[in-house]
Amino acid sequence: MYTLHYSPGAASMAPQAVLEEIGTQFRLQKVDTANGEHQQAAYLKLNPAGKIPALTLPDGTAMAESAGICIFLADRHPEAGLAPAATDPARVPYLQWFMHLTNTLQPADLRFYYADRYTTEETGVAGVRASAIAEVADTWGRVDRHLAQKGPYLLGERFSAADIFCFMLSTWQDSCPDLNSRFPHIKKLADLVAARPAVQRMLKTN
Ligand SMILES: N[C@@H](CCC(=O)N[C@@H](CS)C(=O)NCC(=O)O)C(=O)O
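Thresholds applied
Residues numbered from 1 in each chain as written. Predicted model: local features only at pLDDT ≥ 70, side-chain atom pairs only at ≥ 80, totals over all residues. Heavy atoms only, no water. Helix = DSSP H or I, 4+ residues; strand = E, 2+ residues; numbered from the N terminus. Buried < 20%, exposed > 50% of the residue type's maximum accessible area, 1.4 Å probe, protein only. Axes fitted to C-alpha atoms, helices over the stretch in contact; angles between N-to-C directions. Parallel < 35°, antiparallel > 145°, perpendicular 65-115°, else oblique. Contact = heavy atoms within 4.5 Å. Nonpolar A, V, L, I, M, F, W, Y, C, P; charged D, E, K, R; others polar. Pairing = 2+ DSSP bridges. Right-handed = clockwise from strand over helix to strand, strands pointing away.

Visitor: Please explain the environment of Lys45 as it appears in this structure.
Guide: With respect to the secondary-structure elements, Lys45 resides in helix α2 (residues 41-46). A relative accessible area of 73% places Lys45 in the exposed class. It is 8.1 Å that separates the C-alpha atoms of Lys45 and Ala62, two residues lying 17 residues apart in sequence.

In structure tokens form, the structure reads like this:
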């Protein structure tokens, strides 16, 4: 059985929703980040970066990185239809948008939420946060324009694990408080994803 090491509202939400979509049995193991459990030796064995999430596979292998876990699970369980196969032309936009979200938007979100880690100056936090907000909005704008032309999902009519990841990022609205009004196509995608029973089950613990 898979075990997902999670924290409510954290980057474990997307892998959790993917597990729910797949319909496989899995165990949820809450990591007490408030008490620094993610920095303790036992957890660092699962994720050496000390970040949430980590996934333990049925054979005991541990895996880190939210996007990587989603891609791995979607490929490992093709019957769930969450990812175009390697030879499918849709694999190109799937990986492109997935990587764009995790390489561009997610790090900007992290800079916003952990701004003090990105400056050595006490007075630098506001500047880090302001530039993170600008990059988050810039990236959402790019995704929104893509969805306006080719939506409602990142792959058009075809729902995929990349949409789950996009949905997760869209829930972190402190870094983009006006997301719903500024980026209506992101909102539409998020509403569609949120309405899925599997995602509703994930939201109950987040
Ligand atoms: N690239 C990593 C980032 C994970 C990450 O930064 N998670 C946050 C929660 S959303 C975390 O663990 N924060 C605790 C900390 O950095 O101390 C991933 O996607 O798995």
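Further notes follow.
Visitor: Explain the packing of helix α5 (residues 125-150) against helix α8 (residues 184-194) here, please?
Guide: Helices that pack against each other are described as a pair by the angle of their axes relative to one another and the distance between those axes. Closest axis-to-axis distance for the α5/α8 pair is 7 Å, and the angle between their directions is 75 degrees. Here α8 runs roughly perpendicular to α5, going by the angle between their axes. Between α5, through Trp140, Val143, Asp144, Leu147 and Ala148, and α8, the contact on the second element is made entirely by Pro184, His185, Ile186 and Leu189. Across the contact of α5 with α8, the residue classes break down as seven nonpolar, one polar and one charged.

Visitor: What am I meant to see in the side chain of Thr3 here?
Guide: Along the chain, the position of Thr3 falls in strand β1 (residues 2-6). Judged by relative accessible area, which is 9%, Thr3 ranks as buried. Residues in contact with Thr3, not counting those within four places in the same chain, are Arg27, Gln29, Ala54, Leu55 and Thr56.

Visitor: I tried to follow the pairing of β1 on my own but got confused; where do I start?
Guide: Within a regular strand, side chains alternate between the sheet's two faces. Counting buried residues along β1, five of its five residues qualify, which places the element largely inside the surrounding structure. The alternating pattern of β1 places Tyr2, Leu4 and Tyr6 on one face and Thr3 and His5 on the opposite face, and all of these are buried. For β1 and strand β2 (residues 26-30), the ladder comprises five bridges, and the chain directions are parallel. Note on β2: the bridge partner recorded for Tyr6 is Lys30. Tracing the backbone out of β1, into helix α1 (residues 13-22) and back to the parallel element β2 gives a crossover that is right-handed.

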